[in-house]
Amino acid sequence: MSAFLWSADEDLPDIVKNFTYSIDEDKELFYYDILGGIAHTLTLYRGGIITQDEAKAIIDGLYKLKEKKDIDFYKYEDVHTAVEIELTNLIGEPAKKLHTARSRNDQVALDERLYIRDKLREYLTLLREIIKAFVDLASISLDIVLPGFTHLQPAQPVLISHHLLAYVEMMKRDFSCFYSMYQRLNKCPLGSGALAGLDFPYDRFFISEILRFDGPTNNSMDTVSDRDYLLEYVFNMLITSIHMSKFGEEIVIWNNPLFGFVKISPGYTTGSSMMPQKRNPDIAELIRGSVGEYLGYLDTLVVMAKGLPLTYNRDLQIDKRVIFRASYSFIILLKVFKGLLENIEFDREKIRENLKDEFLLATDLADFLVNRGIPFRSAHHIVRNVVFYCQEQNRSFSQLSKDEWKRFHEEFLNLSEDFFSFENSVARRDTYGGTSKNQVEYQILLNRKWLEESQAQIEKIASISIEELFSSINL
Ligand code: ARG
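Here is a short report on the structure shown in this document. (Residues numbered from 1 in each chain as written. Predicted model: local features only at pLDDT ≥ 70, side-chain atom pairs only at ≥ 80, totals over all residues. Heavy atoms only, no water.)

Some details on the side chain of S220
By secondary structure assignment, the location of S220 is in helix α9 (residues 220-225). Assessed through its relative accessible area of 17%, S220 is described here as buried. (Helix = DSSP H or I, 4+ residues; strand = E, 2+ residues; numbered from the N terminus. Buried < 20%, exposed > 50% of the residue type's maximum accessible area, 1.4 Å probe, protein only.)

Regarding helix α15 (residues 362-370)
Looking only at α15, the buried set comprises A362, D364, L365, A366, F368 and L369. Residues of α15 that are buried sit in contact with α16 (376-393), α17 (402-408) and α18 (422-428). (Contact = heavy atoms within 4.5 Å.)

A few points about the site of the ligand
Taken together, S22, D26, D78, H80, R104, N105, V108, Y312, Q317 and K320 form the complete shell of residues around the ligand. Residue S22 places a side-chain N or O atom 3.1 Å away from a nitrogen atom belonging to the ligand. Between the ligand and the protein, one listed contact pairs an oxygen atom with a side-chain N or O atom of Y312 at 2.4 Å. For the ligand, the accessible surface in isolation is 350 Å², of which the surrounding protein chains cover 88%. For the shell around the ligand, the element with the highest residue contribution is helix α6 (residues 104-139), accounting for three residues. Residues that form the shell around the ligand fall into these classes: two nonpolar, four polar and four charged. (Near = heavy atom within 4 Å. Polar contact = N/O pair within 3.5 Å; in protein donor to acceptor, adjacent residues only side chain to side chain. Areas by Shrake-Rupley, 256 points an atom, 1.4 Å probe, with all protein chains shown as cover. Nonpolar A, V, L, I, M, F, W, Y, C, P; charged D, E, K, R; others polar.)

Re the nonpolar core
Core analysis: the largest hydrophobic core is formed by 149 residues, its most contacted members being F134, F178, Y233 and F412. Counting residues per element, this core draws most heavily on α6, which supplies 17 residues. Each residue touching F412, except ones within four places of it in the same chain, is listed here: L365, F368, L369, I382, V383, V386 and W405. (Core = buried A, V, L, I, M, F, W, Y, C linked by side-chain atoms within 4.5 Å.)

What about the pairing of strand β1 (residues 145-150)?
Both β1 and strand β2 (residues 153-159) contribute to a ladder of six bridges, which runs antiparallel. Within β2, the residue paired with T150 across the bridge is Q153. Counting the residues in the hairpin turn of β1 and β2 gives two residues, including H151, whose phi is positive at 55°. (Pairing = 2+ DSSP bridges.)

Keep in mind that these numbers describe shape and distance, not what the molecule does.
Next up, the structure:
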């Protein structure tokens, strides 16, 4: 039997077969191709296009094929060919009707959408778990104040919980990007044919419903050429990986003994082959390094998609090289990131030791003057002079005498004893979304609510298994 659906393959040189076959990648769609085949057969039967006996033979055959372990995929051009020819080998004549009212163009669009839909569920679940891990860590770390940076220079004190919740915001956006692409993705392509629609009584709303799509796609030409959902899919991975890479970098910095803010448990560090004393934050580094991979995938997809005339063009097959690899590494990235998060511990003592620099409170001093009627620009200038003075003398704010303060501004005499406490500085930043404990606790509360609501969103993502589809069949 030929390895092609369209003619004998003898004419193609091996190098051309290698170049054109997609089976190496798209065998990953085997399960979804069978799932789509069962739903398609049901729709053919419903339209009176095939008989009940034929439908039953095809569906039973596809069900058996799903369990077949010894398929030699590599002799086929692609997964659709493999399924149809293997089915023919199993059940004979009725299999030849499976491709009625279907083209590989709408078939591959269906398979990819079913595949991505399942992946979205996995990603959303893992993203939610990561967000929960961040929120949990933030809730037990409310007592830790650390220097916040701009330009990686000590800037102002912040709660470490506030810092962690910044990542919660990033990853909630990632969650919502993946969730919103689901709404555009969840439309059923089948019934579009090769490009123009069908001249069969094929109920596209019926097949959409049994495969749990929100409805059929609206334009058969767009349907067989659209890969926007793959661009979104990989772009969302890219942004998520950027967020994770930022955290990876912070862990690398915080784990450096000169900082010593965070300890990573041995399972999430590795040793050096030469220097016996070392434990390296390789896992955080690999997370930091992951972004380029997704950028590369996105690059491939963008170049593939640009300038293609309607409708299907074989260039579109190149997407297979990207999406399975991208999906494979992204799921590992999410799992490892979650693992790292669950395997770090803040070193409260070290963080406290690092929090000695009273210049972190220079803005507080300027704000103190502003609250007593001095214009901010003048206050900034005055405090800058205090900082220069202290730096010259190698002293800190709280070491200055009343007399010295008075030389800079009378109002400084009203500074309270505990003004230079980092905790008080944090508590003063009490605007909505600020770092005060009050505000951070409120955000933790909101995030706990988000965690409940997002669980319901994940449950809304449709999925269907062959078993469910099969058991709902009443031929
Ligand atoms: N392997 C092909 C792809 O991934 C399936 C569709 C083939 N369609 C065609 N008209 N040759 O794009």
